[in-house]
Amino acid sequence: MKKIQLYLFIGLLTMLSATSCKKFLDVNKNPNDPISATPELMLPQSIVRTASLMVGLNDYGARLMGYEANAGGVSGWGSFVSYNYTTGDFASLFYNGFKANEDLQEVINLSRKDSTHNTFIAAAQILKAFNFQSLVDVYNDIPYTDALKGKGVLQPKYDKAEDIYKALADSLDVSMAILSANSTSSAFKSSDPLFKGDINQWIRFANTIKLRLILRANGKVQFSNTTFNSLGFLTTDAIVNPGYTKIDGKQNPTWTTWAYDAAGTPPTAASQRIPTPYILAFYNKTKIADTKRANLVFNKGLEVPTNQLGYQGDDAKKGPTPSAWFAGTDAKTYDNIGILKGPDMGQPIMLASESYFLQAQANLKGILGSVNDAKANFKAGVVASFNYLEKDNTGAIHTGNNPQADFDAYVAANIDNYLVNIDVATTNTEILEAIVTQEYIANNMIMGHQSWFEYLRTGYPMISGANNTSNKTGTFVSITSESTAPDKLPTRLLYPANEYSYNEKSIPTGINAFTSKIFWAK
Amino acid sequence: MRRFLTLFAVLMLFGVSAFSQGKTVSGTVSDKSGIPIIGATIQVVGTNIGATTNNEGYFSMNVPQASSAITVSNIGFVTQRISIPSNGRVALQLETNTASLDAVIVTAQGLKTSIKSQGVAQTHLTADQLTNSHPTNIASALSGKVAGLQVSAVSSGVNPSYRLILRGMRSLKGDNNALVVLDNVIVPSSILGNLNPADIDNITVLNGGNAAALYGSDGSNGALIITTKKGSSDGKLNINISNTTSVEQVANMPKMQKSFGSGTNTDIISYTPYENQQYGPRFDGSIRQIGLPIEDGSVLKVPYQWNDKYGKNQFWADGLTNQTDISIANTYQNGSIFASAQFLKATGTVPGDKYNRATVRLNGTQKLASKLEMNYSTYYAQNRYDQTSATSSIFNNVLNTPGQIPMTQLSGWKNDPFANPNGFYNAYYENPYFLADNNRSLTRNDYFVGSLDFTYKPVKWFDITYRMGFNTRNTSTDGTQDRFIYSDYTKSIPEQKGTYKVKDVLGTYATGSSYTTNIVTSLLAHAQKRVNDFKFDLTGAGNLSQGPGKSNNGVGLTSASSAAAINGLVVPGLFNLGNSLNPPTASNSKFLQRSVSLWGKFDVAYKNYLFATITGRNDWVSTLAPENRSFFYPSAQISFVPTDAFAVLGNIRNLDYFKVRGGWSKVGQVNIAPYSLDPTYGQSSGYPYSGQGGYSIGSQIVSPGLKPEITQGYEGGFDVSAYKNRIRAAFTYYSTTTKNQTLSTGVSSATGFTSYLLNVGETSSKGIEASLTVTPIRTDNWFISIGANYAYYDNKVVAISADIDKLALATYGGTTGSYAIAGQQFPVLMGTTHKRDSLGRIIVNPITGYPSATPGLSILGRAGAKDELGLNLEVTYKRLTLAATAAYRGGAVIYNRLGTTFDFSGAGINTVAYDRDRFVIPNSVYEDANEKGKYIENKSITIREGGSAYWPQATFRTGIDENYVTSADFWKLREISLTYDLPATWFKNGKIGLKGATISAQGRNLLILLPKTNVYTDPEYSATGSSSNAIGLTDLGQTPPSRYIGGTITLKF
């Protein structure tokens, strides 16, 4: 009997200590970070993240297209002026693009749980297609079908760029169908810093991306459906603004990069870049007279210092503070218009002007409407460019500006120039050149990458002559280019080093920055 | 044997003392930790009269009136001689004789064991061996003294950080630093830099996982078991006061060119007065303007030549360290006490850097009742750093200063218009004196380490110990940068457009604080039994820990931290979160980890020559998922002393002993930070915006079912001693593998994530440790001892995972860096190399002569040393002792990132290798214009330009990493000291009670020998700090290595 009691006691003690031991050890609940999320919390951030991608993409194109060149007083430019890219150059474009898409994918995964989030799925898919197009346009073949699967696929295989283009157009069709079948909700409205939950705007946006895919594919992709949604295309700029404000980390990313940080310190790199004589020629009468937009775009308008890309002599012009694209005096006093409108300005991800110029090109190609529509769309595009630049930080046309009147004056000042006055263009070639050239001007330091892609596909704006110091306005090509290509330009970026480290088996081999072309390139 | 002797002595002496008349001498004899020594022999000097201590370590005997001194001896301890005090009462603590096999040392968990029974390699170091160079950080004193312990000072500054690695690195991403145990309390290794070296009694280094198996998760990297002093050694009140003053001087500056000054143009070389780059004309001694005219129109002119007197190499200050120590020790009837205090004040080699440290310690033993004993040790240390936070910019700016600039004459930036940032000559690099003054970092650290244990020994064969160990660190940091507004004049100068001179310094302030606390309570029960020739020892114990272990990688502790910062000061010079032009930012985090463990140890000894030990431990750790929480690991070891077992061996002349040993162990290590099992979300992209939150998914994927990593291995070796300890040697071979590592590997960002936490990877660590100590001369006046220890390391990455064969440990921009690669040594450096043909010749452009970089990365060599040799010398002549330690490390390479800035600026010696002329890239080829893929040896195509169009250019020079990889081999004279013990006769009649005095002079890091190609810095440095495994990279964060020279005076009362 006594023994039994003892055993009971020991047993009880063991049980007690086992449970208290479990309690003692159950302390692994994260007090620092949440371990779950909702579509309402994920979508807004994903949209803002997508908007922030524009800064890096623009810089990539801007360096290549003569928007920005090395300023004097700084050396060590490396691939900036030689185009001799390494696997380290612009590696963040790859990472940031996939990161944004992973967040969008998470929106889709979380939204699948209930049907009230259909609009979230459609919006996330549209932005995913938008980002994937940028990635294909930069890198050609990339992981797509295997991508964004986390531990499901650790070494995602690379898909053919053409196949991705086709799949993206399909997913845009699906998204537009979902949006047409669903109405907006208050949750969607408050989670959408891009179109404030406006379903029709989302459809137009998706439709415009689809147009860009089909146009850019250059006839090299068999799309499943080449018709477009009847709501048409973007007529306004697609601008993301979650409430950017002059607080560290909450400023408009373009402003932070090219103007001032929240404390009011100018970023070092910004003042070390200045425009090229090539781009200035489209403002200072050398090619086109456009004082109005020069004043909107450049620090001190036509007086902005310029440097030919690659020129590193002692007398190379130095950049103004904070940058050549800042119109104002300091972090507190600025013009509120142009490219850098303020720390609270919205971040465009697609300009209305691009929508019109794409339509115009589609008109020429017979993808959309007829050739006759091209000129109207061209004019609308140029007006849209004035319109965007004359908007202030709140998104309204800044007092004392009138885009239409400015457009009319612009045409009047360049009445014989078919690049401006489309009515004097005589051939489709001239019309195409005018469209893409005006797209180039409209994208200046806003969507540099789109200009670069358009150049690779169309060859416009025209460059001529050798890349030497006596041909400053004839070409934007660096005078210290190391490219072996006939035009002395690179053709693409290399895949980032990280991919070579962790996914080498899947990467297409033989990629060369001077010879490997993006599939749609000329 | 020992038993017999004791018995014999007792029998012999009983008779004698019974008939003696005179006075009584009585007292206790214990070891240094206060444990009574049973059977110690006490003998009156000059007579046969003696006694032995009883079970409580007590003795009492009658001695003749005339007797003046006694000697106390016991096997395994150093024999001590003391004079008989007037009251006849003594309390003695005997010093362990580490040369003896029977010496008892403290090992894991405070357990005592004889060296004889140890089946694994361990090294025991006494205070004398550690502190004769009077180091401020005990880690530096360990260097070169233990085979297999690699001590690296990874940084410079007022209190450098050290990496202490035993037997090379095992864990790919986890902590590889040796466990530090201070008086039975596991402490973070940062304690080492805050420990008063004078408090240390001894350190036992347990090289392998075997000996440390009892420490659980943390012991797999071996352990340093530090025991501090308790009581006095001679049973009297002892007071020690000492002062050490030393000077720190920069030694081994990176090698600079002294021929060319400011300029940047290619082809047509010209002088630019405000340039930082040194691709200008050759020095000609003419008077030239430096900088641009300041606002009043005046200009600074200097001779255009290398300035030795005031130039950049004179920038570094002499650091001064002054440390004062006081300690009081006493031993009395029922216990002992040791109290000490130290104050240390130091200035660094970067002008303005200051550091101080104050410590107090109180240790003691107390017999509370006849069967109950208490041991306690308490330590409080505080340090204060006042350093510049711009060290790497300062280093960069100083080293890249053109040679003609009178650097040190430009220190007064507040008053001297040419030194003021407005008028400073350099348009690209700020005045380093201004940077040092304007960017400050103030750090406060308070440490408390305490332990208390009670031992109850109801019967002779059984004892039970309750122990509470505690350590906490409380830190706060303040980072300040004051406001500086450039003048309108400065901003208007066209040459300065786009430079720092048009960017106002708006001022920042960041403050943060954190604490970490670890508490461990344990209960140990120990029983022993003798059965015939066998002796059995059984120990069982349980631990409850809150935040156990090391904090090196943030794993395993209770901690919380918070930080806040502002950007843009309203009022200059006022550093407060309220004094801000912008809203402050703030963040905080908390961690808690707990573990429970049960462990046991069973020792069997046969006839005092064959020993076996097995241990087992089970841990339950909170950071793992409940189903994976529990893990068990055992160890076994065996030790055999043939010289004791076989009479024929024991009788070999001049052979003291020979011992063979072997061990096998398995140790688990949890390398998972708390809360890492679940993927997390966090606000991102600037969210929240006006009341709306926004999440991004964390960038890490986590594999389900993470488990602890397991290190398993064996070792074997022998110890031998001959000629009465004059020749001693030890040899150990070990081989371990570490599997199931918890790694955060990189993954393709196309997965949507950047890292993946999973259990993969296997490393192997094999090596040899050998030591030899020879004492050729040991006479009354002379003692000469030479010791050498050697370690060979073979640490390999066996596998990483099926999908991934390499792992970046740390990289510059995701490419160049330190990597773990399957099949390679761990770690290796990877970087770009020159494009080469199949014969390994550099391919150059047939027109420009310039080489180019490979697109991918290549392995540039192993980063961990292959061979390490430590040499120790001790020469004593009468009262004069000379001690020296030298070390060699070899077989590794290092990437000197700072080389790229020297090439960029043209300050480095390499840039004048061809006297700035055009030259043919050595061993180069160019492609045959007519036949693709065919290469022609290049004898004539020189590079297009030999100045700024080559050396600073990333494409052909600075971007090719192999240009900056050099051998990391070195020889170092680590420490040398000369000590003189003042003759006791000098103090004999002194009324102040001075018993003795010692004066010494010492130097540390006196000499470094580097291979010719290493024109950069100390290869022991690591840019990634002391806890990172990414070794092999140095950068500008580490200022030039310095040497320390100082003197000490010690007074004993």
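Just so it is clear, the model here is predicted, and its values are computed rather than measured.

Considerations on the overall build of chain A
Link 1 in the chain: Regarding its fold elements, chain A presents 17 helices and six strands.
Link 2 in the chain: Taken against the 2.2 N^0.38 rule, which gives 24 Å for 522 residues, the C-alpha radius of gyration of chain A at 26 Å falls within 12% of a compact globule.
Link 3 in the chain: The dimensions of chain A, computed from C-alpha atoms along their principal axes, are 115 × 55 × 50 Å.
Link 4 in the chain: The 522 residues of chain A split such that 61% are buried.
Link 5 in the chain: Contacts in chain A between residues far apart in sequence, at least 24 positions, make up 73% of those at least 6 positions apart.
Link 6 in the chain: Of the roughly 18700 Å² that chain A leaves accessible, carbon and sulfur atoms contribute 54%.

Regarding the sheet that holds strand β2 (residues 41–44) of chain B
Residues and elements named next belong to chain B.
Link 1 in the chain: Pairing in this open sheet of four strands is antiparallel, and the strands run β3-β2-β5-β6 from one edge to the other. Both edges of this open sheet fall to β3 (50–52) and β6 (80–83), since each of them pairs with a single strand only. Strand-to-strand, the axes of this sheet are offset by a mean angle of 20°, without reference to chain direction.
Link 2 in the chain: Summarising the sheet, β2 and strand β5 (residues 69–73) pair through four bridges and their orientation is antiparallel. Within β5, the position partnered with Thr41 by the bridge is Ser73.

Some points on the environment of Glu373 of chain B
Link 1 in the chain: Tracing the sequence through the fold places Glu373 of chain B in strand β23 (residues 372–388).
Link 2 in the chain: Taking the C-alpha atoms as reference points, Glu373 of chain B and Lys607 of chain B, separated by 234 residues in sequence, lie 30 Å from one another.

What about the confidence of the model for chain B?
Residues and elements named next belong to chain B.
Link 1 in the chain: Looking at chain B as a whole, the pLDDT averages 87, with 95% of positions reaching at least 70.
Link 2 in the chain: Throughout residues 1–20 the model reports pLDDT below 50, and contacts reaching past four residues in sequence, or to other chains, amount to 15 contacts.
Link 3 in the chain: Note on residues 548–556: pLDDT under 50 across the span, and 36 contacts to partners over four residues away in sequence or across chains.
Link 4 in the chain: With a pTM of 0.84, the predicted complex shows an ipTM of 0.91.

Considering unusual backbone geometry
Link 1 in the chain: With omega at -5°, the peptide bond leading from Thr321 of chain A into Pro322 of chain A counts as cis.
Link 2 in the chain: For Pro322 of chain A, the position within the fold is in the loop between α11 (291–297) and β6 (347–350).
Link 3 in the chain: The residue after Phe826 of chain B, namely Pro827 of chain B, is reached through a cis peptide bond having omega -10°.
Link 4 in the chain: By the secondary structure assignment, Pro827 of chain B is in the loop between β44 (816–821) and β45 (828–831).
Link 5 in the chain: Phi at Lys285 of chain A is positive, roughly 80°, even though this residue is not glycine.
Link 6 in the chain: For Lys285 of chain A, a relative accessible area of 67% gives the class exposed.
Link 7 in the chain: Unlike most non-glycine residues, Lys607 of chain B shows phi in positive territory, near 55°.

Digging into the packing of aromatic side chains
Link 1 in the chain: Applying the stated rule across the entire model yields 70 aromatic pairs over all chains.
Link 2 in the chain: Judged by centre distance (5.6 Å) and plane angle (70°), the rings of Phe282 of chain A and Tyr440 of chain A are edge-to-face. Note that Phe282 of chain A is positioned in the loop between α10 (277–280) and α11 and Tyr440 of chain A in helix α15 (residues 428–442), a separation of 158 residues in sequence.
Link 3 in the chain: Note on Tyr440 of chain A: relative accessible area 1%, which makes it buried.
Link 4 in the chain: Pairwise contacts between aromatic rings join Tyr67, Tyr278, Phe282, Tyr440, Trp452, Tyr455 and Phe476 of chain A into one cluster.
Link 5 in the chain: The ring of Tyr495 of chain A carries the charged tip of Arg492 of chain A above its face, separated from the ring centre by 4.7 Å.
Link 6 in the chain: The ring of Tyr812 of chain B has Arg897 of chain B sitting right over it, with the charged end atom 4.1 Å from the ring centre.

A word on the pattern of salt bridges
Residues and elements named next belong to chain A.
Link 1 in the chain: Tallied over the entire structure, the rule returns 46 salt bridges over all chains.
Link 2 in the chain: Measuring nitrogen to oxygen at the nearest pair gives 3.5 Å for the salt bridge that ties Glu454 to Arg216. In this pair, Glu454 sits in helix α16 (residues 448–458) while Arg216 sits in helix α8 (residues 199–216), placing the two residues 238 residues apart along the sequence.
Link 3 in the chain: With relative accessibility at 2%, the residue Glu454 sits in the buried group.
Link 4 in the chain: With a relative accessible area of 1%, Arg216 lands in the buried category.
Link 5 in the chain: Its salt-bridge partner being Asp237, residue Lys391 comes within 2.8 Å of it at the nearest N-O pair. Of this pair, Lys391 sits in the loop between α13 (371–390) and α14 (403–413) while Asp237 sits in the loop between α8 and β4 (238–240), and the two are 154 residues apart along the sequence. For the pair shown, Lys391 and Asp237 are each scored as buried.
Link 6 in the chain: A network of salt bridges, in which partner residues are shared, links Asp59, Arg63, Glu68 and Arg273.

What about the environment of Ser513 of chain B?
All names here are of chain B.
Link 1 in the chain: Here Ser513 is to be found in strand β26 (residues 508–531).
Link 2 in the chain: Sequence separation between Ser513 and Gly280 is 233 residues; the distance between their C-alpha atoms is 48 Å.
Link 3 in the chain: Beyond its immediate sequence surroundings of up to four residues, Ser513 is in contact with Thr475, Ser476, Ala560, Ser561 and Ser562.

Let's talk about the packing of helix α12 (residues 352–365) of chain A against α13 of chain A
Residue and element names in this part refer to chain A.
Link 1 in the chain: For the pair α12 and α13, the least separation of the axes is 8 Å and the interaxial angle reads 165°. In this view, α12 runs roughly antiparallel relative to α13, as classed from their interaxial angle. Read as a crossing pair, α12 and α13 show a hand that is left-handed. Of the residues in α13, those in contact with Ala352, Ser353, Tyr356, Phe357, Gln359, Ala360, Asn363 and Leu364 of α12 are Val371, Asp373, Ala374, Asn377, Phe378, Ala380, Gly381, Val382, Ala384 and Ser385.
Link 2 in the chain: In terms of residue class, the contact of α12 with α13 is built from 11 nonpolar, six polar and one charged.

Rules used in this analysis
- Sequence order sets the numbering: in each chain, residues are counted from 1 along the sequence as written.
- Just so you know, chain letters begin at A and ligand numbers begin at 1, following the order they were written in.
- Local features in this predicted model are restricted to residues whose pLDDT is 70 or higher, and side-chain atom pairs enter the listing and the counts only when it is 80 or higher, whereas totals over whole chains, interfaces and linings include all residues.
- Hydrogens and water are ignored here; the side-chain numbers use all heavy atoms of the structure.
- Helix and strand assignments follow DSSP, with helices taken as H or I runs no shorter than four residues and strands as E runs no shorter than two, numbered in order from the N terminus.
- This radius of gyration counts C-alpha atoms alone. The globule rule is 2.2 Å times how many residues there are, raised to the power 0.38.
- A simple rule labels every residue: compare its accessible area, found with a 1.4 Å probe on the protein chains alone, to the largest value its type can have, and call it buried under 20%, exposed over 50%, or partly exposed in between.
- It only takes one pair of heavy atoms within 4.5 Å for two residues to be counted as in contact.
- The accessible surface values rely on the Shrake-Rupley method and a 1.4 Å probe; as for residues, cover is taken only from the protein chains in view.
- Two strands pair under a simple rule: DSSP has to find at least two bridges between them.
- As a rule, the C-alpha atoms of each element are fitted with a line to give its axis, helices using only the stretch in contact, and angles between N-to-C directions run from 0 to 180 degrees.
- pLDDT expresses how confident the predictor is about each individual residue, on a scale running from 0 to 100.
- In summary, the pairing rule links any two rings of Phe, Tyr or Trp, Trp by its six-membered ring, whose centres are within 6.5 Å, and it sorts them by plane angle into stacked for under 30 degrees, edge-to-face for over 60 and tilted for everything else.
- Distance and angle both matter: a charge sits over a ring if NZ of Lys or CZ of Arg is within 6 Å of the ring centre and within 35 degrees of the ring normal.
- Think of a salt bridge as a Lys or Arg side-chain nitrogen and an Asp or Glu carboxyl oxygen that are within 4 Å of each other.
- Note on terminology: angles under 35 degrees are roughly parallel, angles over 145 are roughly antiparallel, angles of 65 to 115 are roughly perpendicular, and the others are oblique.
- Left-handed is the label given to a crossing in which the near helix is rotated counterclockwise from the far helix by less than a right angle, and right-handed is the label when the rotation is clockwise.
- Put simply, Ala, Val, Leu, Ile, Met, Phe, Trp, Tyr, Cys and Pro go in the nonpolar bin, Asp, Glu, Lys and Arg in the charged bin, and everything else, Gly too, in the polar bin.

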